[in-house]
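Summary of structural features
One-letter residues, chain by chain:
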Amino acid sequence: MSKQLLIYESARPISKTKHRDWSVKTGDNYGFARSINSVPITAVEFPNAAREYSIVFTGKDDSLIPVVILGVRENENLYITPEDKIAAKYIPAFLRRYPFVFSSNDNGDNFTLCIDESFSGCNQEGRGERLFDAQGEQTLYLKNVLDFLKEYQTRFSRTKAFCTKLNELGLLEPMNAQIRPVEGGNITLTGFMAVNRAKLKELPADQLQGLVKTDELELIYLHLQSLRNFEMFLEKIGTNAAPQPQ
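So, here's what we can say about the structure. (Residues numbered from 1 in each chain as written. Predicted model: local features only at pLDDT ≥ 70, side-chain atom pairs only at ≥ 80, totals over all residues. Heavy atoms only, no water.)

Examining the environment of Leu222
Selection rule: Put simply, DSSP marks the helices as runs of H or I at least four residues long and the strands as runs of E at least two long, and each gets a number from the N terminus on. Here a residue-residue contact requires only that any non-hydrogen atoms of the pair lie within 4.5 Å.
Note that Leu222 resides in helix H7 (residues 216–226). Through-space distance from the C-alpha of Leu222 to that of Arg51 is 8.9 Å; in sequence the pair is 171 residues apart. Look past the residues within four positions of Leu222 in its chain and what remains in contact with it is Phe46, Pro47 and Ala50.

Quick look at the sheet that holds strand E1 (residues 11–13)
Defined as follows: By the convention used here, strands pair only if DSSP detects at least 2 bridges between them. Think of each axis as a best-fit line through the C-alpha atoms, taken over the contacting stretch in the case of a helix, with angles from 0 to 180 degrees between the N-to-C directions.
A sheet is described by the order of its strands in space; here three strands give the open sequence E1-E7-E6, paired in antiparallel fashion. For this open sheet the edge positions go to E1 and strand E6 (100–103), each flanked by a neighbour on one side alone. Neighbouring strand axes in the sheet, compared pairwise and without regard to direction, differ in orientation by 40 degrees on average. Relative to strand E7 (residues 112–116), E1 is paired through three bridges, and the arrangement is antiparallel. Within E7, the position partnered with Ala11 by the bridge is Asp116. Contacts from helix H4 (residues 140–168) reach E6 and E7, with the element oriented near 55 degrees to E6.

Things to note about the environment of Arg12
Our working rule: For every residue, the accessible area (1.4 Å probe, protein chains only) is compared with the maximum for its type, and the residue is labelled buried under 20%, exposed over 50%, or partly exposed between those bounds.
Take Arg12: it is sitting in strand E1. Taking relative accessible area as the criterion, Arg12 reaches 39% and is therefore assigned partly exposed. When sequence neighbours within four positions are dropped, the list of residues in contact with Arg12 reads Leu113, Cys114, Ile115 and Glu117.

Fair warning: the whole summary comes from geometry, so function is off the table for now.
Take a look at the structure:
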C-alpha cells in the first residue's frame, strides 16, 4: 500500500510567472488512479467511506494513517471502471484534490501549492478554469482550491493525532487476508492493521470515556464496521476470503 503518491507524476509549485495563462479542466475521469490499491482518508471521511470501502491503518509511529483498500494486487484499483469512473458514491478527498497538492520542505511548517503538470486537463487554451486572471491575480477557482487543500491538511493533521492515540492505547494489531481468486492461486494482502475489539473492551473506564467525549470511539466503530465491506469488495474479483489477525 505504498503507491498513493504516484498519481502525481510531475508536481510543480504554482507560480504567476509560469502558470499565468494556464487553465484546468477537471471532471469525473479518474483514470489517473487506476494503478493505486489504497488511498489515505481523514477522520471526517469515515462516515461516508465506511459505507463502501474497508478502512484500515498502515504505516508506523508518526507515519500511521488510515486508508481505504482499493485493490489486492500492486497497480490495481478495482473501483475504477473501464470508462475511468469510480464505482462508488463517495470519492475520497485525496483523489478529489487532484491535480493539486501541497508540498513542504520543512516538516510541515510551511506548504507550497503545486499542480501535476502532466494532468491531461492542464491547458493554455482556456478550457476549464483559469488559475490567474488577466491581471495576474489568483482567480476565485484557485483561491477555492487553496482553501480546500488548507482544510484537507488541517483534517489530515487531526487524523494523524487520532492514529497516534490508537497506537498509544495499544489497540492496533497487524491483519492480513488470504485471497483465492477463481482463476486459481493465492494472494496474501498484508501491510495493514485494524483495531482489536478485545483490547478495546479491556480499556480502563477513563480511557473509554475520553474516546467517547472526543467522538473517537465512533470513528473506531465505523472502522470496524467497514471491515464488513471486505467481502463485498472481494466479489469484484470473484473470491472468498476475509481479513485475519497475523
